[in-house]
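Architecture at a glance
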Amino acid sequence: MSSKKVRFTFSTASVTEPLVYQLGHEFKVVTNIRMADVDEKIGWVILELIGNEAEIIKSLEWVSSKGVRIDPLEGDVIAG
Amino acid sequence: MSYEIALKCRECGRKFELLAIYSCEFCFGPLEVDYDYDQIKAKISKESIANGPSSLWRYEDLLPCDTSFKVDIGAGFTPLIKSQSLAKHLGLKNLWIKNDTVNPTWSFKDRVVSIAIARARQFGYQDLACASTGNLANSVSAHAAKAGMRALVFMPDDLESGKVIGSLVYNPILTMVDGNYDDVNRLCTELAASNNWAFVNINMRPYYAEGSRTLAFEVAEQLGWRAPDHCVVPMASGSLFTKIWKGFKELQHIGLINNLDTRMSGAQATGCSPISKAFQEGTKNFVPQKPNTIARSLAIGNPADGYYALKVMEETDGSAEMASDAEIVQGIKLLAETEGIFAETAGGVSVACLKKLVESGVISTDEETVLFITGAGLKTVEAVVDNMKPAIMISPKTEEFMDQFNKLK
Ligand SMILES: Cc1ncc(COP(=O)(O)O)c(C=O)c1O
Ligand SMILES: [Zn+2]
């Protein structure tokens, strides 16, 4: 079992779709949402994905193909 | 003496031990240092600060580290300069310039690294690491050299030569990564997780970020213990911006300043402006961006403190602006020609955004404003080299010079 903490950013096109819910159904991955903020134009969710590593990677590729941006929880580690 | 008492989650308020951690176990929110302000208030005074050293260590009671571990190459207590010509040019009656270009490695990053390295030594780390587009790399390399620690510095492989040499000279282990920002981020997150390093903006981040508060402490002290009406601050991750505001609030809380009515406005480059764009669109949910700007020091597409910066703008009735590459160059030149200060691209962003804020009426002519200039120009000569008036070229003959000189008039 491994776990990955990520931030999803939804665009206007993807913000109304139940993508986190679908991700949990399409893949053997448990989604654990910790923080989120969504409005009509854009939204983000910080969540933990728990499952086997290959399955997590597959699920992230899938959600990315739906137009969701995936970032590490920390934001950019690189600084000025 | 340090009065830090815990790390506190900025979202849920849960408290954690003072360890090398940065995010809340429960809600994943970022952690921030919490202090015993009653004790600080009892101990600190304007006099005790005035009697301290001419560096940021004069605020030691407000810093999150045991100062016996400090590594002092002279960061902080930089000049606050009253602007005459730039103020007049912009139509402002009361403009100050906080000139942080004169820090030991010529940027404000010496403030955050001073705290990060002291805390890292206190934790017992041997290695100080960072991922940087230049300024942070310079500062980490220099401070580690002074402390006899190993510096591990990661950079994209296409940076200005001033920033590369400005790191290499201190003999760090410098790694230039052939990849985009996302690649560098991913690599460094992995390396940080699998090595026992003090990574200044990962596991040291709660302590590191506190160093930026010293800019607020200095400005207030230099103004005679009061806060200005308006601050214009360059933003990359947004940390500096939020911490200057935190610093002013703390000074008010411990009674060193009375009124606090400062408006905080942020400055970004148009080619990397997730925070300013969100502000202008009226949302706190910024969209991460792929940076494309000459202001490499501000080219952070997914700003860790972007959300908090937007909250500070809301709280203080502040604003946000952005400047194109051409405007950045004009800003650098305007500051140099009016104030004799040669800033790097981030300074050009600050000047250009201040100009826009005044022109649009966000900053009124009589607001006492502090402009933060956070890095020096010799680091980014590439940005301006093609935009200078050419030198007079002659052979060593008086007539030739006079001839050319007379043409100028
Ligand atoms: C010169 C300069 N100014 C301002 C900033 C803004 O820093 P922050 O990430 O705290 O917003 C940086 C670095 O990132 C910088 O190098
Ligand atoms: Zn929390």
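Residues numbered from 1 in each chain as written. Chains lettered and ligands numbered in written order. Predicted model: local features only at pLDDT ≥ 70, side-chain atom pairs only at ≥ 80, totals over all residues. Heavy atoms only, no water.

1. Considering the site of ligand 1
The condition is simple: Proximity criterion: a residue is near a molecule or strand once any of its heavy atoms comes within 4 Å of it. The definition of a polar contact used here is a pair of N or O atoms within 3.5 Å, where within protein one atom must be able to donate a hydrogen and the other to accept one, and adjacent residues in sequence count solely through side-chain atom pairs. Gly is put with the polar residues, along with every residue not named as nonpolar or charged; the nonpolar set is Ala, Val, Leu, Ile, Met, Phe, Trp, Tyr, Cys and Pro, and the charged set is Asp, Glu, Lys and Arg.
Residues in close proximity to ligand 1 total 17 residues, the closest being Asn135, Ala236, Ser237, Leu240 and Thr374 of chain B. Residues close to ligand 1 are split across chains A and B. Within the backbone of glycine 238 of chain B, a nitrogen or oxygen atom sits 2.9 Å from an oxygen atom of ligand 1. A distance of 3.3 Å separates an oxygen atom of ligand 1 from a polar backbone atom of serine 297 of chain B. Taken together, the residues that form the shell around ligand 1 break down as 7 nonpolar, 8 polar and 2 charged.

2. Structural notes on the pairing of strand E13 (residues 369-373) of chain B
All names here are of chain B. Test applied: Each residue gets one of three labels from its accessible area relative to the maximum for its type: buried under 20%, exposed over 50%, partly exposed in between, using a 1.4 Å probe on protein chains only. Put simply, DSSP marks the helices as runs of H or I at least four residues long and the strands as runs of E at least two long, and each gets a number from the N terminus on. Pairing between two strands requires that DSSP report at least two bridges joining them.
In terms of burial, E13 is largely enclosed, as 5 of its 5 residues are buried. Burial along E13 is two-sided: Thr369, Leu371 and Ile373 facing one way and Val370 and Phe372 facing the other are all buried. Bridge count for strand E10 (residues 230-234) against E13 is 3 bridges, and the pairing is parallel. Its bridge partner being in E13, valine 232 is matched across the sheet by leucine 371.

3. Re the packing of helix H11 (residues 274-281) of chain B against helix H12 (residues 306-316) of chain B
Residues and elements named next belong to chain B. Condition: To define axes, lines are fitted to C-alpha atoms, for helices over the stretch in contact only, and angles between the resulting N-to-C directions are given on a 0 to 180 degree scale. Any angle that is under 35 degrees is reported as roughly parallel, and any over 145 degrees as roughly antiparallel; angles of 65 to 115 degrees are reported as roughly perpendicular and all others as oblique. What makes a crossing left-handed is the near helix being turned counterclockwise from the far one by less than a right angle; a clockwise turn instead makes it right-handed. Contacts are assigned to residue pairs that have any heavy atoms within 4.5 Å of one another.
Orientation of H11 relative to H12, taken along the N-to-C sense of each, is 45°, at an axis distance of 10 Å. Judged by the angle between their axes, H11 and H12 are oblique. Crossing of H11 against H12: the hand is right-handed. Residues Ile275, Ala278 and Phe279 of H11 form the contact with H12, whose participating residues are Gly306, Ala309, Leu310 and Met313. Classifying every residue of the contact of H11 with H12 by side-chain character gives 6 nonpolar, 1 polar and no charged.

4. A short note on the packing of aromatic side chains
Here is the rule: Each aromatic pair joins two rings of Phe, Tyr and Trp (for Trp, the six-membered one) with centres within 6.5 Å, and gets the label stacked for planes under 30 degrees apart, edge-to-face for over 60, and tilted for any other angle. Whether a charge sits over a ring comes down to the Lys NZ or Arg CZ being within 6 Å of the ring centre and within 35 degrees of the ring normal.
Overall, the coordinates contain 11 aromatic pairs over all chains when judged by the stated rule. Here the aromatic rings of tyrosine 35 of chain B and tyrosine 37 of chain B are separated by 5.8 Å at their centres, their planes lie at 55°, and the arrangement is tilted. Neither tyrosine 35 of chain B nor tyrosine 37 of chain B differs from the other in exposure class; each is buried. A cation over an aromatic ring shows up here: arginine 7 of chain A above the ring of phenylalanine 286 of chain B, its NZ or CZ 4.7 Å from the ring centre. The cationic tip of arginine 119 of chain B hangs over the ring face of phenylalanine 123 of chain B; the distance from NZ or CZ to the ring centre is 4.5 Å.

5. Quick look at the sheet that holds strand E4 (residues 80-82) of chain B
Residues and elements named next belong to chain B. Across the sheet, 6 strands lie side by side as E4-E5-E13-E10-E11-E12; this open sheet has mixed pairing. If you trace the sheet from one side to the other, it starts and ends with E4 and strand E12 (320-323), each paired once. Within the sheet, the average angular offset between the axes of one strand and its neighbour, ignoring direction, is 25°. Alignment of E4 against strand E5 (residues 95-99), held across 3 bridges, turns out to be antiparallel. Within E5, the residue paired with isoleucine 81 across the bridge is isoleucine 97. In the packing of helix H9 (residues 213-222) onto the sheet, contacts are made with E4, E5 and E13, and the angle to E5 comes to roughly 135°. Docked against the sheet, H11 engages strand E11 (263-269) and E12, running at close to 130° with respect to E12.

6. Details of the coordination of the zinc ion (ligand 2)
Residues and elements named next belong to chain B. Here is the rule: Keep in mind that water is not among the atoms, so a site may look incomplete; donors are the N, O and S atoms within 2.8 Å of the metal, or 3.2 Å for Na, K and Ca. Just to be clear on the cut-offs, tetrahedral is four donors with all angles between 85 and 135 degrees, square planar is four donors and octahedral six with opposite donors over 155 degrees apart and all others between 65 and 115, and anything else goes down as irregular.
In this structure, Cys9 (SG), Cys12 (SG), Cys24 (SG) and Cys27 (SG) serve as the protein donors to the zinc ion (ligand 2), at separations of 2.3 to 2.4 Å. One can describe the donor arrangement at the zinc ion (ligand 2) as tetrahedral, given that its 4 donor atoms subtend angles of 95 to 119° at the metal. Mapped onto the sequence, the donors of the zinc ion (ligand 2) take the spacing C-x2-C-x11-C-x2-C. Of this pair, cysteine 12 sits in the loop between strand E1 (4-9) and strand E2 (15-16) while cysteine 27 sits in the loop between E2 and strand E3 (31-35), and the two are 15 residues apart along the sequence. Take cysteine 27: its relative accessible area is 10%, and that puts it in the buried class.

7. Regarding a nonpolar patch on the surface
Inclusion rule: Candidate patch residues must exceed 30% relative accessible area and have no salt bridge, after which like charges are joined if within 9 Å and Val, Leu, Ile, Met, Phe, Trp or Tyr side chains if within 5 Å. Here the open area of atoms and residues is found with the Shrake-Rupley method and a 1.4 Å probe, where only the protein chains shown may cover a residue. Each salt bridge in this description consists of a side-chain nitrogen of Lys or Arg and a carboxyl oxygen of Asp or Glu lying within 4 Å of one another.
On the surface, Ile392, Ile394, Phe401, Met402, Phe405 and Leu408 of chain B cluster together into a nonpolar patch covering about 490 Å² of accessible area. With respect to the helices and strands, the residue leucine 408 of chain B is situated in helix H15 (residues 398-408).

8. Here's the deal with the confidence of the model for chain A
Rules: Confidence per residue, as judged by the predictor, is encoded in pLDDT with a range of 0 to 100.
On average, chain A scores 90 in pLDDT, and the residues at 70 or more come to 100%. Per-element mean pLDDT across chain A ranges from 86 in strand E4 (residues 69-72) of chain A up to 95 in helix H2 (residues 53-65) of chain A.

9. Structural notes on the sheet that holds E4 of chain A
All names here are of chain A. Here 4 strands make up an open sheet; going across it, the order is E2-E3-E1-E4 and the pairing antiparallel. Each edge of the sheet is formed by a strand with only one pairing partner; in this case those strands are strand E2 (29-38) and E4. Between one strand and the next, the sheet's axes are offset by a mean angle of 30°, whatever the strand orientation. One ladder, built from 9 bridges, connects E2 with strand E3 (residues 43-51); its direction is antiparallel. Paired with valine 29 across the two strands is glycine 51, which belongs to E3.

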